[in-house]
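Inside the fold
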Amino acid sequence: DRIYQSCLGYFSKPGANPYNIWFSRMESLIKASLNMSYYDGSCCHLDIVQWATNPVWRGLPNESIQEMLEADLPFLKKLISNSQIELILINGKTTLNEFKKLFGDNIISGEDFILAIDENPANRLKMQHGKLIIDRKEVFYVGWNLYRQQAIKQIHVDCLINAIKAHSTKLGLV
């Protein structure tokens, strides 16, 4: 319950000090594609694992990662099923892969497509969207492979904005 309450006020409670260096790039993407914001409470940030780690995620042993994922999955499912969340945006290949592994049995449909071709295959923008069902609640998701907090090309950002906007409009979410 403390984690949940802390999440509710992360961006807005008096004295809040969100990690703006990290959130600013996602905030601009969310504002441009969905006309929502962390700061007005119209959207929220969810972590697959609820704890900050040291070393950072990519430096952790695989066993530790799996333990944390399995331990936090019930909380994440409860949070999603008891919320007003209709759409989950999944930022980056690692997060998308972990999301699909964790929620595999709950994913009803998923479709992959390439949004932007690049000469370097590592810089191709790939997206997946689908539907997740948790406790009879339908939640849609859109995920992509390129990590937004890194310096990705503006064409990729524009493609993400347009794809998220089109997908959420098609679903009647905005």
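Here, every reference points to the structure presented above.
Residues numbered from 1 in each chain as written. Predicted model: local features only at pLDDT ≥ 70, side-chain atom pairs only at ≥ 80, totals over all residues. Heavy atoms only, no water.

Observations regarding the overall build of the protein chain
Test applied: Numbered from the N terminus, helices here are DSSP runs of H or I no shorter than four residues, and strands are runs of E no shorter than two. Each radius of gyration reported is based on C-alpha atoms, and the globular scaling rule is 2.2 Å times the count of residues to the power 0.38. Contacts were defined at the residue level, with two residues in contact if any of their heavy atoms lie within 4.5 Å. Using a 1.4 Å probe, accessible areas were evaluated by the Shrake-Rupley method; residue-level cover was limited to the displayed protein chains. Asp and Glu are treated as the negative residues and Lys and Arg as the positive ones, with His and the ends of the chain left uncounted. For charged residues, the charge sits on one atom: NZ in Lys, CZ in Arg, CG in Asp, CD in Glu.
Regarding its fold elements, the protein chain presents five helices and four strands. For the protein chain, whose C-alpha radius of gyration is 16 Å, the value lies close to the compact-globule estimate of 16 Å for 174 residues. Across its three principal axes, the protein chain shows a C-alpha extent of roughly 45 × 35 × 35 Å. Within the protein chain, residue pairs in contact and separated by at least 24 positions form 57% of the contacts whose partners lie at least 6 positions apart. With the model as given, the accessible surface of the protein chain reaches about 10,600 Å², and the carbon-plus-sulfur share is 51%. In the protein chain, 19 side chains carry a positive charge and 18 a negative one; their mean positions are 3 Å apart.

Notes on the pattern of salt bridges
As a reminder, the rule being used: The term salt bridge refers to a side-chain nitrogen of Lys or Arg lying within 4 Å of a carboxyl oxygen of Asp or Glu.
Counted by the stated rule, this structure contains two salt bridges. Here glutamate 138 ties to lysine 131 by a salt bridge, and the two come within 3.5 Å at their closest N and O atoms.

As far as function goes, none of this settles anything; it's purely spatial.
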